[in-house]
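The primary structure of each chain is shown beneath.
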Amino acid sequence: MNKNDVTEFVIDCLTDPGNRDKQAALNQWLQESEENRHLYAELKQLWEAAADVPPVPFNVQEGWQELSEQIIPSAPVKHLFPWKIVAAAAVLLLLVAGGWWWQTSRDGWITYTTPAYYVDSIGLPDGSRIYMKAGSSLAYRKSFKEREVRLLKGEAYFDVVQDPQRQFLVIADKSTVKVLGTAFNVRIDSAYTEVIVFEGKVSLHSGGKKLVLNSGDGNLATVNRKDDEMKHPEGNYSNKCAWATNELVFENEEAEYVAKVISAHYHISIINIAEDLRHKRITLRLHNTPRDEAINIFGAVLGQE
Amino acid sequence: MTQDGYHISAEEATDALRGLNADVFRKIYTAYSEELFLLAYRWVKDNDLAKEVVQSLFVHLWEKGQQITITGNVRHYLYRAVTNRSINELKRRSRNVSEEALQWQADDASLHEITDHLLLQKEIMRLVQGLAPRCREIFLLSRFEGLEPVQIAERLGITLNTVYFQLAMALKYLRTHLLDGKKLQ
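Residues numbered from 1 in each chain as written. Chains lettered and ligands numbered in written order. Predicted model: local features only at pLDDT ≥ 70, side-chain atom pairs only at ≥ 80, totals over all residues. Heavy atoms only, no water.

**Notes on the interface of chain B and chain A**
Each side of the interface is counted separately: chain B has 48 residues, and chain A has 35 residues. Buried surface at the junction of chain B and chain A, both sides included, amounts to about 4,200 Å², of which 65% is carbon and sulfur. It is B:R143, B:L171 and B:R175 that lose the most area in chain B upon contact with chain A, and together they represent 16% of the buried surface on that side. Among the ionic pairs, B:R175 bridges to A:E42, the shortest N-O distance being 2.5 Å. Applying the counting rule to chain B against chain A returns seven residue pairs in polar contact (both at pLDDT 80 or more). Taken together, the elements giving at least two residues each to the side of chain B that touches chain A come down to α2 (22-44), α3 (47-63), α6 (110-128), α7 (133-143) and α9 (160-177) of chain B. For the side of chain B that touches chain A, the element with the most residues is α2(B), which contributes twelve residues. Each residue belonging to the side of chain B that touches chain A can be placed in one class, and the counts come to 24 nonpolar, ten polar and 14 charged. (Contact = heavy atoms within 4.5 Å. Buried area = accessible area lost by both parts, 1.4 Å probe. Salt bridge = Lys/Arg side-chain N within 4 Å of Asp/Glu carboxyl O. Polar contact = N/O pair within 3.5 Å; in protein donor to acceptor, adjacent residues only side chain to side chain. Helix = DSSP H or I, 4+ residues; strand = E, 2+ residues; numbered from the N terminus. Nonpolar A, V, L, I, M, F, W, Y, C, P; charged D, E, K, R; others polar.)

See below:
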């Protein structure tokens, strides 16, 4: 037997333990040499270890991201314009470094990174506001003459002030989102750049392709970071912005699903629903609703105590 | 303090929880969360629930850190905690708790044995990504979904010989690449 035949033979024996002929052949083969016994032990160990493996791998980074959001209060901590603080620090530096430095880099990039545990928000010079998830990072030019923000890492929700004269650009990896005034969410992970429009519309440009996204149904698009493939699934994904907007809207959704989303939003263990109500379809809107009140409203709409 | 989360001692871990040292906490999470997920999955056989068990354990450690003292080996402490949590969750949902889980809960000696098993699984999950697509599909159907070779052949409309051939390819690939060619055990 060559190597492949041996492995096939071992698999055949492992998957058919009740077959006496095969087990006899296996025993004989095992008797033949120490090497055979060793190979068999290794293959069997692998075969059995693989059997208990979960179907979906565990993503440590994503897990940590979720955890860090959960162990810290999720309400955005409103910073008083951190860009001003950064600017103040820059001024201090200037006093030391002198005017030459000022001339060459007065419109340098400002990079802002949120602490590892806080959702944070920053105000931009044009009055727009950006909410950033923990551990996210973005950059923009200090003067903000061009309304352009680069999302370097993580996830951010943009609430953009209308200005028909100047479009607002968000550049994330190889994708660009262009808007006039609207609200939308951009997220980068290792594989995809994702855009969700909460209000108004944006145009998404990537790899020479362009896609216009409107709020409501079909408001999400993803771009594969490797091959630029764009996907534009059906459905309304506004609830994915709830971390920044504090707004959850469900229209004709199954109670079980609603419970899951609400529980995740408020970082509580899954709300229990009576068996017969799980698939009941409900419509519900929560806006800036405190946790306990939200649970009560959900219970009332569902019609369970 | 060492950089590697695996080498954080019980005292260091306890201090980190008391002092809400996020850096150390993150290292512990990064080092052990995947193993703990695999262990939780072993008991609860449910992907989402296994993840929830791991996450809630770490939330608990962080929030109740003032009252927690980790003793002995950090890995074993976490294994025990995740096992207890898994069993409690199963009971809470009136699901069946396996004999194995209960025995293991009562027996410290199995700790070392299970570590090797979980690390092997971790490697398998990583390596499976590197298999050729057809080979991976067949291997996943066999191992993760527990289909017999005959069922796989039927489902995919291929011969039984092909199934055996691809399974053998997968096993050989895993065996060669495991721990960069180091022998198992």
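Structure shown, so let's carry the discussion forward.
**A few points about the packing of helix α4 (residues 74-92) of chain B against helix α5 (residues 99-106) of chain B**
All names here are of chain B. One way to put it is that α4 packs onto α5 with a least axis distance of 10 Å and a crossing angle of 140°. The angle between the axes of α4 and α5 places the two elements in the oblique class. Relative to α5, α4 is oriented so that their crossing is left-handed. Mapping the contact onto sequence places Y79, R80, T83, N84 and I87 in α4 and A101, L102, W104 and Q105 in α5. Tallied by class, the residues present in the contact of α4 with α5 amount to five nonpolar, three polar and one charged. (Axes fitted to C-alpha atoms, helices over the stretch in contact; angles between N-to-C directions. Parallel < 35°, antiparallel > 145°, perpendicular 65-115°, else oblique. Left-handed = near helix turned anticlockwise from the far one by under 90°.)

**Overview of the pattern of salt bridges**
All names here are of chain A. Throughout the structure, instances matching the rule amount to 27 salt bridges over all chains. A salt bridge links K133 to E155; its shortest N-O distance comes to 3.4 Å. Of this pair, K133 sits in the loop between β4 (129-132) and β5 (137-141) while E155 sits in strand β6 (residues 147-159); the two residues are 22 residues apart in sequence, bridging distant segments of the chain. If you follow the salt bridges from partner to partner, you end up with K133, E155, R187, D189, E194 and K240 in one network.

**Topic: the packing of aromatic side chains**
In total, this model carries 15 aromatic pairs over all chains according to the counting rule given. The interplanar angle of 85° and the centroid separation of 6.4 Å between the aromatic rings of A:F250 and A:Y257 together place this pair among those described as edge-to-face. With relative accessibility at 41%, the residue A:Y257 sits in the partly exposed group. Put simply, the rings of A:W64, B:F25, B:Y29, B:F58 and B:W62 touch in pairs and so form one group of aromatic residues. Of note, B:R143 hangs over the ring of A:W47, and the distance from its end group to the ring centre comes to 3.7 Å. (Phe/Tyr/Trp six-rings, centres within 6.5 Å; stacked < 30°, edge-to-face > 60°. Buried < 20%, exposed > 50% of the residue type's maximum accessible area, 1.4 Å probe, protein only. Lys NZ or Arg CZ within 6 Å of the ring centre and 35° of its normal.)

**What to know about unusual backbone geometry**
All names here are of chain B. The backbone of L20 shows a phi angle near 45°, a positive value even though the residue is not glycine. The exposure class of L20 is partly exposed, given its relative accessible area of 43%. You will see that K45, though not glycine, has its phi angle at about 55°, which is positive.

**Re the nonpolar core**
By size, the foremost hydrophobic cluster in this structure holds 51 residues, and its most contacted members are B:F25, B:L36 and B:F58. If you tally residues by element for this core, the top one is α2(B), at 15 residues. Listed in part, the 37 residues of the second largest apolar core include A:A49, B:L120, B:L127 and B:Y164. (Core = buried A, V, L, I, M, F, W, Y, C linked by side-chain atoms within 4.5 Å.)

**Looking at the pairing of β5(A)**
All names here are of chain A. Taking burial as the measure, the five residues of β5 include four buried ones, the bulk of the element. Sheet analysis places strand β2 (residues 109-113) next to β5, joined by five bridges and oriented antiparallel. Of the residues in β5, the one forming a bridge with W109 is R141. Note that β5 and β6 share four bridges and pair antiparallel. When the bridges of β6 are listed, Y140 appears paired with V149. In this structure, the hairpin formed by β5 and β6 is closed by a connection of five residues, where F144 is found at a positive phi of approximately 55°. (Pairing = 2+ DSSP bridges.)

**Thoughts on the packing of helix α3 (residues 34-51) of chain A against α9(B)**
Look at α3(A) against α9(B): their axes get within 10 Å of each other, and the N-to-C directions meet at 100°. It follows that α3(A) is roughly perpendicular to α9(B) by the angle criterion. Contact residues: A:L39, A:E42, A:L43, A:L46 and A:W47 in α3(A); B:L167, B:L171, B:L174 and B:R175 in α9(B).

**Regarding the environment of A:A244**
Residue and element names in this part refer to chain A. With respect to the helices, strands and loops of the structure, A244 is situated in helix α7 (residues 242-245). For the pair A244 and I130, spaced 114 residues apart in sequence, the C-alpha to C-alpha distance is 9.1 Å. With residues near it in sequence (within four places) discarded, A244 still touches Y131 and Y157.

In short, shape yes, function no, at least from these values alone.
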